[in-house]
Amino acid sequence: MASPPRSRAKRERDPAQKRQRILGAAHEIIRERGGTGATCSAIARRAGVSEAIIFHHFGSKQGLMAAAAGEYGHGIARAIFAHAVPGVRPELRPMVAGVFDYVRENGHMHDFVGACHDGRAPNSAFLASREVVVGALAQAFTMYRGAGWIRTDDPHAAAVLTFGMVQSALLECFSREPAGEPEVYIDACVAFIERALYMQGDGA
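A. Region of interest: the packing of helix H4 (residues 61–80) against helix H7 (residues 124–146). It is at 7 Å that the axes of H4 and H7 come closest, and there the two elements cross at 25 degrees. One way to sum up the angle between H4 and H7 is to call them roughly parallel. For H4 against H7, the interelement crossing comes out right-handed. For the pair H4 and H7, contact is made by Gln62, Met65, Ala66, Ala69, Gly70, Tyr72, Gly73, His74, Ile76, Ala77 and Ile80 and by Ser124, Ala125, Ala128, Ser129, Val132, Val133, Ala136 and Leu137, respectively.

So this is what it looks like as structure tokens:
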């Protein structure tokens, strides 16, 4: 007896599921091998697809890395606000510590940049992640300013500067040999943000 044809809904879900499987494979390989080991052939084998499917969904390796970096940025944003409670002044230290924990578990952004680099658009992965995180911070800072929790004339500029400072601390902490002590960098980031934005981390 012939198998019934797949439903239209099932056929429409398949491409999205395949795309997520490819992104998951890219994240796994970057964590395991760093940027230099994240070849399209290795990612395709891990995802159980052909390289042609990768190019069909993402256009190029850079397109894949930018998409993976965007997902990484969403992970960072979720880590920042994991303990946030609507209407309650946020505690700053858990926000910063959440970023360090996420990077420790998922690899650093420079691995995506290295995997993306081909001499033409080396920053596309970094910019994809940066856009997501800065956007989330700017939206939160706008709300915090309205509530009187921080002082800044330009929430977006404050978000850009906060991202840059924390990104530099992460790079210094996790890229050095031996790795730095995260608590030292977390303390420094918290002190910097509190002074820059007059934001108290204890909820008082």
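B. A look at the packing of helix H3 (residues 51–58) against H4. With their axes 8 Å apart at the nearest point, H3 and H4 run at an angle of 65 degrees to one another. On the basis of the axis angle, H3 is roughly perpendicular to H4. Here the hand of the crossing between H3 and H4 comes out left-handed. Counting all contacts with H3, which are made through Ile54, Phe55 and Phe58, the residues of H4 involved are Lys61, Gly63, Leu64 and Ala67. Here the residues of the contact of H3 with H4 are counted per class, giving five nonpolar, one polar and one charged.

C. Structural detail: the side chain of Thr152. Among the secondary structure elements, Thr152 is positioned in the loop between H7 and helix H8 (155–175). Here the side chain of Thr152 touches Asp154 through a polar contact of 3.3 Å, landing on its backbone nitrogen. When sequence neighbours within four positions are dropped, the list of residues in contact with Thr152 reads Arg145, Ala158 and Leu197.

D. Spotlight on the pattern of salt bridges. By the definition in use, this model includes five salt bridges. A salt bridge links Glu32 to Arg46, with the shortest nitrogen-to-oxygen separation between them at 3.0 Å. One end of the pair, Glu32, is in helix H1 (residues 8–33); the other, Arg46, is in helix H2 (residues 40–47), with 14 residues separating them in the sequence. Measuring nitrogen to oxygen at the nearest pair gives 2.4 Å for the salt bridge that ties Arg104 to Asp101.

E. Main features of H8. Look at H8: 29 Å from first C-alpha to last across 21 residues, which is about the 30 Å you get at 1.5 Å a residue. Among the residues making up H8, those that are buried are Pro155, Ala158, Ala159, Thr162, Phe163, Met165, Val166, Gln167, Ala169, Leu170 and Cys173. A side-chain oxygen of the first residue of H8 lies 3.1 Å from the backbone nitrogen of His156; this N-cap is Asp154.

F. Main features of the packing of aromatic side chains. Under the counting rule described, the total for this entry stands at four aromatic pairs. A centroid spacing of 5.4 Å and a plane angle of 75 degrees characterise the contact between Tyr72 and Tyr102, whose relative ring orientation is edge-to-face. Taken together, the residues Tyr72 in helix H4 and Tyr102 in helix H5 (residues 92–106) connect sequence positions 30 residues apart. In this structure Tyr72 comes out as buried when scored by relative accessible area, which is 3%.

G. Geometry of the nonpolar core. If you look at the biggest cluster of nonpolar residues, it comprises 35 residues, and the most contacted ones within it are Ile76, Val96, Phe100 and Phe141. When contributions to this core are tallied by element, the ones reaching two or more residues are H4, H5, H7, H8 and helix H9 (182–197). In this structure, Ile22, Ala26, Val49 and Ala125 belong to the second largest nonpolar core, which totals 23 residues.

H. Representation of the side chain of Asn106 in the model. Along the chain, Asn106 turns up in helix H5. According to the relative accessible area criterion, Asn106 is buried, its value standing at 17%. Contacts of Asn106, omitting those with residues within four sequence positions, involve Arg31 and Tyr72.

Conventions we followed
- Residues numbered from 1 in each chain as written.
- Predicted model: local features only at pLDDT ≥ 70, side-chain atom pairs only at ≥ 80, totals over all residues.
- Heavy atoms only, no water.
- Axes fitted to C-alpha atoms, helices over the stretch in contact; angles between N-to-C directions.
- Helix = DSSP H or I, 4+ residues; strand = E, 2+ residues; numbered from the N terminus.
- Parallel < 35°, antiparallel > 145°, perpendicular 65-115°, else oblique.
- Left-handed = near helix turned anticlockwise from the far one by under 90°.
- Contact = heavy atoms within 4.5 Å.
- Nonpolar A, V, L, I, M, F, W, Y, C, P; charged D, E, K, R; others polar.
- Polar contact = N/O pair within 3.5 Å; in protein donor to acceptor, adjacent residues only side chain to side chain.
- Salt bridge = Lys/Arg side-chain N within 4 Å of Asp/Glu carboxyl O.
- Expected span 1.5 Å × (residues − 1).
- Buried < 20%, exposed > 50% of the residue type's maximum accessible area, 1.4 Å probe, protein only.
- Phe/Tyr/Trp six-rings, centres within 6.5 Å; stacked < 30°, edge-to-face > 60°.
- Core = buried A, V, L, I, M, F, W, Y, C linked by side-chain atoms within 4.5 Å.

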